[in-house]
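# Summary of the model geometry
So you can see what is in the structure, the chains are spelled out below.
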Amino acid sequence: MKLPTQCKDMGELRVEIDRLDRELVALLSQRVAYVERAAQLKRSENLPARINARIEEVVRNVRTLASERDLDPQLAEMLWRTIIEWSIGREEELLALDQGKLRP
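Computed from a prediction, not measured in an experiment: that's the story for all the values here. For every chain, the first residue of its written sequence is number 1, and the numbers climb from 1 along that sequence. Local features are withheld for residues below a pLDDT of 70 in this predicted model, meaning they are given only at 70 or higher, and side-chain atom pairs are given and counted only at 80 or more; totals for whole chains, interfaces and linings count all residues. Water and hydrogen atoms play no part in the side-chain values, which are based on all heavy atoms of the structure.

All right, on to the nonpolar core then. Listed in full, the ten residues of the largest apolar core are Ala49, Ile55, Val58, Val59, Val62, Ala66, Ala76, Ile84, Ile88 and Leu95. The helix count covers DSSP runs of H or I at least four residues long, the strand count covers runs of E at least two residues long, and both are numbered beginning at the N terminus. Here this core takes five residues from helix 2 (residues 52-68), the largest share from any one element. Only heavy atoms matter for contacts: two residues are in contact if any of them lie within 4.5 Å across the pair. Residue contacts for Ala49: discarding those within four places in its chain leaves Lys42, Ile88, Glu91, Glu92 and Leu95. The criterion is simple. A nonpolar core is a set of buried Ala, Val, Leu, Ile, Met, Phe, Trp, Tyr and Cys residues joined through side-chain atoms within 4.5 Å. Here the term buried applies to any residue with accessible area under 20% of the maximum for its type, exposed to any over 50%, and partly exposed to those in between, with areas from a 1.4 Å probe on protein chains only.

Shown next as structure tokens:
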């Protein structure tokens, strides 16, 4: 791994960006596994897919983390709200499947 300032040309920089992209995709894949488990737990606990208080808690946490890492909190919030909305849609899909409303 090279720091951005250690990259001597665009080729080296692109190698590092591609490496980070692989890591981000792997982490997102792990997050999706937790989302799918959340749907199972929400079903057994009779909870809806969308819990607004939790959404806002996650966004606040991400904005704080972003600020601590010198990442624009608005960028972090925008990305996480997209991830959260996708996650809720996936949970709703899984909950509907379990209730026989959708076909796999």
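There's plenty left to go through after this.
Turning our eyes to something else, we now look at the layout of surface pockets. Computed from the structure, the largest pocket encloses a volume of approximately 910 Å³. Looking at the largest pocket, it is lined by 19 residues, and the ones nearest its centre are Leu24, Leu27, Arg69, Leu71 and Trp80. Every element with two or more residues in the lining of the largest pocket is listed here: helix 1 (10-44), helix 2 and helix 3 (73-98). When residue character is reported, Ala, Val, Leu, Ile, Met, Phe, Trp, Tyr, Cys and Pro are called nonpolar, Asp, Glu, Lys and Arg charged, and the others, Gly included, polar. Along the lines of polarity and charge, the residues of the lining of the largest pocket split into 14 nonpolar, one polar and four charged. Estimated volume of the second largest pocket: approximately 330 Å³. Note on definitions: the grid is 1 Å and covers protein atoms alone; a cavity is a set of points where a 1.4 Å probe fits but cannot get out; a pocket is an open set with protein on both sides within 12 Å along at least five of seven lines; lining residues have an atom within 4 Å of a point. Arg31, Lys42, Arg54, Val58 and Glu91 are, among the 15 residues lining the second largest pocket, the residues nearest its centre. Grid points are joined across faces, edges and corners, and a volume is the space filled by probe spheres set on the points.

This part takes up the environment of Val32. By the element assignment, Val32 lies in helix 1. Owing to a relative accessible area of 26%, Val32 belongs among the partly exposed residues under this scheme. Separated by 15 residues in the primary sequence, Val32 and Ile17 have C-alpha atoms spaced 22 Å apart.

With that out of the way, let us pick up helix 2. In this scheme, a helix's expected span is set at 1.5 Å multiplied by one less than its residue total. With 17 residues, helix 2 extends 25 Å from end C-alpha to end C-alpha; this agrees with the ideal 24 Å at 1.5 Å per step. Where helix 2 is concerned, the buried positions are Ile55, Val58, Val59, Val62 and Ala66. The arc enclosing the buried residues of helix 2, seen along the axis, measures out at 100°, which places them on a common side. Facing away from the buried side of helix 2, by more than 90 degrees, are the exposed residues Ala53, Arg60 and Glu68. Of the residues flanking the end of helix 2, it is Asp70, one or two places downstream, whose phi is positive at about 60°. This arc corresponds to the set of directions leading from the helix axis out to the C-beta atoms.

Patch criteria: residues need more than 30% relative accessible area and no salt bridge. Like-charged residues are merged within 9 Å; nonpolar side chains of Val, Leu, Ile, Met, Phe, Trp and Tyr are merged within 5 Å. Shrake-Rupley sampling with a 1.4 Å probe provides the accessible areas, and residues are treated as covered by the protein chains on show and by no other component. When a carboxyl oxygen of Asp or Glu lies within 4 Å of a side-chain nitrogen of Lys or Arg, that pair is called a salt bridge. Together, Leu71, Leu75, Met78 and Leu79 make up an exposed nonpolar region whose accessible area comes to about 340 Å². Here Leu79 shows up in helix 3.

Quick look at the side chain of Ser87 now. By secondary structure assignment, the location of Ser87 is in helix 3. Given the relative accessible area of 6%, Ser87 is considered buried. In contact with Ser87, not counting residues within four places along its chain, are Arg31 and Val35.

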